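Descriptive structure summary
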Amino acid sequence: MRKLEQLVFDNTFARLPEAFHSRLCPSPLPAPYLVSFNSAAAALLDLDPAQATRADFAGYFIGNRLLPGAEPLAMLYSGHQFGHYVPQLGDGRAILLGEIKNSAGEHWDVQLKGAGPTPFSRNSDGRAVLRSSIREYLCSEAMHGLGIPTTRALCIIGSDEEVFRESIETAAVITRLSPSHVRFGSFEVFYYNDQHDSLPVLADYVIAKHFPHLSNAPDKYVLFLNEVVTRTAQLMAHWQAVGFSHGVMNTDNMSILGLTFDYGPFGFMDAYDPGYVCNHSDYHGRYAYRQQPQIGHWNLSCLAQALLPILPVEAAKASLESFVPAYTEHYRQLMGRKLGLTQTSAEDMPLINTLLEIMHAGHVDYTNLFRSLSRFNTAAGEKNALLRDQFTDRAAFDAWARNYHARLQREPGTDAVREARMNKVNPKYILRNYLAQNAIAQAGRGHDFSEVDRLLTILQHPFDEQPEMGSYAAPPPDWAQHIEVSCSS
Ligand code: AMP
Ligand code: MG
């Protein structure tokens, strides 16, 4: 376990040519204070959690003091936003301090989000507000708890400096950790700027660091694209299976490693609704829940386009064609597991789809229904009343339950064995908007961050019963049925 001064930086991205980034220091913020610290993420850096109690800790992670070995920079990228190419984005408010190498030999990007303006800020203030920082912090750790690939979050530091959004809010900096912050847009910027010589430099960098097994393959760029396609397909399947909507699936928010990346107006569905749009500003529903796999595929085609100068077009096409089968298979397996099936084939899809249809019709809570499905009793129909009561169309449920019952006959093991298996894949706790909202409201009342910490602890173990926390599994109360999440952050 290391002190702050003992953290080992090895800044490989900073060693890339100057065209890839812009060096600069974070801009200071007054009177920083610790909002929350995540020991689980600290372990990734070999950081002793006791360091968070140091008087100067907040200063380091709000960007007022620089850790020894840091080489701060803003990364260059562009991207397709809501279907349109935007030539120059880049880190407008996030500053990469560098990469910390842990004792296991892993590199972790340490990035301060909200650390002040950069050459890519485009007239914005370079800041992030406490509200959105709390949301990103909790959601990235919730996703990790759910077993879904994601960036991580080490801590939030607040300052009472005012930040202007729809209303006046206060500033915060979240420390985001990731194996890489390279995104699809990191490639697109060089393609559209006609800097094609930079494409193999970036691809070789990513391959050497993250896909070293491909380094010596003659068709390494094709294999690299294949990896990104597969990982993205798997990520989309995970999001769909857990009922998560990202909200801003622009190509600058798509991780080259298939991680859930850049949390903005995201949302977990309460009642099942395939048309769910979590981003209040997404007027046409481009990033609606049901669109996500298609959009993931479309975003990959943007990446493939950007890679065309370094790979054959036929290979790029074949790679993109592997998306749908990869997604379909992964989604099917994940949904089958949610139903307690050990093996899921295409024949099981009607069972899955019919359940979703009757859930949609009856506004059934997505998370809670699957969690309670583990108690489906194969011995006695009427003992499933608790399940049945969640549906408005009882006859439709009964018909579905007969098919489900028949299907379970082909599964090995007892009900109890199946229940235990299902409870490992159907979470009891997710980050519902109203839970985040409560923690944010409480934080605004005299710097009381206890609810942030409580939620963090609950969400890090979403499959555990945690009976004393049962109220956190409740669907939204009436006041929170229609919370609108703005994309301002
Ligand atoms: P996002 O939608 O958060 O992924 O951001 C899209 C782009 O806008 C990125 O280039 C961000 O760095 C930039 N951006 C977002 N908010 C701000 C801000 N408050 N100040 C400067 N740049 C920002
Ligand atoms: Mg972004």
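Residues numbered from 1 in each chain as written. Chains lettered and ligands numbered in written order. Predicted model: local features only at pLDDT ≥ 70, side-chain atom pairs only at ≥ 80, totals over all residues. Heavy atoms only, no water.

**What to know about the overall build of the protein chain**
- When helices and strands are counted, the protein chain shows 16 helices and 12 strands.
- In terms of overall dimensions, the protein chain is globule-like: its C-alpha atoms have a radius of gyration of 23 Å, near the 23 Å expected for 489 residues.
- Across its three principal directions, the C-alpha atoms of the protein chain cover 65 × 60 × 45 Å.
- Here the protein chain holds 489 residues, and the buried ones make up 58% of them.
- If you take every contact in the protein chain between residues at least 6 apart in sequence, the share linking residues at least 24 apart comes to 72%.
- Surface accessibility of the protein chain: about 19,300 Å² in total, with carbon and sulfur atoms responsible for 53%.
- Charge separation in the protein chain, taken as the distance between the mean sites of 41 positive and 52 negative side-chain charges, equals 3 Å. (Helix = DSSP H or I, 4+ residues; strand = E, 2+ residues; numbered from the N terminus. Rg over C-alpha atoms; globule rule 2.2 N^0.38 Å. Buried < 20%, exposed > 50% of the residue type's maximum accessible area, 1.4 Å probe, protein only. Contact = heavy atoms within 4.5 Å. Areas by Shrake-Rupley, 256 points an atom, 1.4 Å probe, with all protein chains shown as cover. Lys, Arg positive; Asp, Glu negative; His and termini not counted. Charge placed at Lys NZ, Arg CZ, Asp CG, Glu CD.)

**Notes on the coordination of the magnesium ion (ligand 2)**
- Taken together, the protein donors to the magnesium ion (ligand 2) comprise Asn253 (OD1) and Asp262 (OD), at separations of 1.8 to 2.2 Å.
- Classification of Asp262 by relative accessible area gives buried; the value is 17%. (Donors = N, O, S within 2.8 Å, 3.2 Å for Na, K, Ca; no water.)

**A few points about the site of ligand 1**
- Surrounding ligand 1, one finds 17 residues, the nearest of these being Gly90, Gly92, Asp125, Gly126 and Asp262.
- Side-chain polar atom of Asp262 to an oxygen atom of ligand 1: 2.8 Å apart, as the coordinates give it.
- For ligand 1, the accessible surface in isolation is 470 Å², of which the surrounding protein chains cover 82%.
- Considering only residue class, the shell around ligand 1 consists of two nonpolar, seven polar and eight charged.
- Summarising the domain contributions, the shell around ligand 1 has at least three residues from each of domain 1 (4-181) and domain 2 (185-333). (Near = heavy atom within 4 Å. Polar contact = N/O pair within 3.5 Å; in protein donor to acceptor, adjacent residues only side chain to side chain. Nonpolar A, V, L, I, M, F, W, Y, C, P; charged D, E, K, R; others polar. Domains from an automatic or database assignment.)

**Some details on the domain arrangement of the protein chain**
- For the protein chain, the domain assignment lists domain 1 (4-181), domain 2 (185-333) and domain 3 (341-422).
- The centre of domain 2, based on its C-alpha atoms, is set 32 Å off from the matching centre of domain 3.
- At the junction of the two partners, domain 2 supplies 13 residues and domain 3 supplies 13 residues.
- Of the roughly 1,100 Å² buried between domain 2 and domain 3 on both sides combined, carbon and sulfur atoms contribute 54%.
- Summed over the three residues of domain 2 that lose the most area to domain 3, namely Tyr272, Tyr331 and Arg332, the buried surface amounts to 55% of that side.
- Across the domain 2-domain 3 interface, the total number found is zero salt bridges. (Buried area = accessible area lost by both parts, 1.4 Å probe. Salt bridge = Lys/Arg side-chain N within 4 Å of Asp/Glu carboxyl O.)

**Structural notes on the pattern of salt bridges**
- For the structure shown, the criterion picks out 29 salt bridges.
- The salt bridge involving Asp91 is made with Arg183; its shortest N-O contact spans 3.5 Å. Of this pair, Asp91 sits in the loop between β5 (84-86) and β6 (94-101) while Arg183 is found in the loop between β10 (168-178) and α4 (184-192), placing the two residues 92 residues apart along the sequence. A single burial state applies to Asp91 and to Arg183, both of which are buried.
- A salt bridge links Lys113 to Asp262; the shortest N-O distance between them is 2.9 Å. Highlighted residues: Lys113 in strand β7 (residues 107-113) and Asp262 in the loop between β11 (244-245) and β12 (267-268), separated in sequence by 149 residues.
- Linked through salt bridges whose partners overlap, the residues forming this network are Lys113, Glu136, Arg176 and Asp262.

**Re the packing of aromatic side chains**
- As enumerated under the stated definition, the model contains 25 aromatic pairs in all.
- Judged by centre distance (4.8 Å) and plane angle (85 degrees), the rings of Tyr191 and Tyr192 are edge-to-face.
- Relative accessible area serves as the criterion here: at 35%, Tyr192 is assigned to the partly exposed category.
- What links up through ring pairs into an aromatic cluster is the set Trp239, Phe244, Tyr263, Phe266 and Phe268.
- Taking the ring centre of Tyr77 as reference, the NZ or CZ of Arg183 above it sits at 3.8 Å.
- For the cation-ring pair, Lys338 lies above Phe370, with the distance from its terminal atom to the ring centre recorded as 4.7 Å. (Phe/Tyr/Trp six-rings, centres within 6.5 Å; stacked < 30°, edge-to-face > 60°. Lys NZ or Arg CZ within 6 Å of the ring centre and 35° of its normal.)

**Brief notes about the environment of Gln294**
- Mapping Gln294 onto the fold places it in helix α7 (residues 292-307).
- Taking relative accessible area as the criterion, Gln294 reaches 54% and is therefore assigned exposed.
- Taking the C-alpha atoms as reference points, Gln294 and Asp398, separated by 104 residues in sequence, lie 33 Å from one another.

**Description of the pairing of β10**
- For β10, a buried count of nine out of 11 residues is recorded, marking the element as mostly surrounded by other parts of the structure.
- Here β7 pairs with β10 via five bridges, running antiparallel. Bridged to Leu112 within β10 is Thr175.
- Sheet topology places strand β9 (residues 152-164) next to β10; nine bridges connect them, and they run antiparallel. Note on β10: the bridge partner recorded for Glu162 is Thr170. (Pairing = 2+ DSSP bridges.)

**With respect to helix α16 (residues 450-459)**
- Among the residues of α16, Glu451, Val452, Leu455, Leu456, Ile458 and Leu459 are the ones counted as buried. Projected down its long axis, α16 shows its buried positions confined to an angular sector of 165 degrees, all on one face.
- At its buried positions, α16 is contacted by β2 (33-37), α3 (130-145) and α15 (433-444). (Arc of directions from axis to C-beta.)

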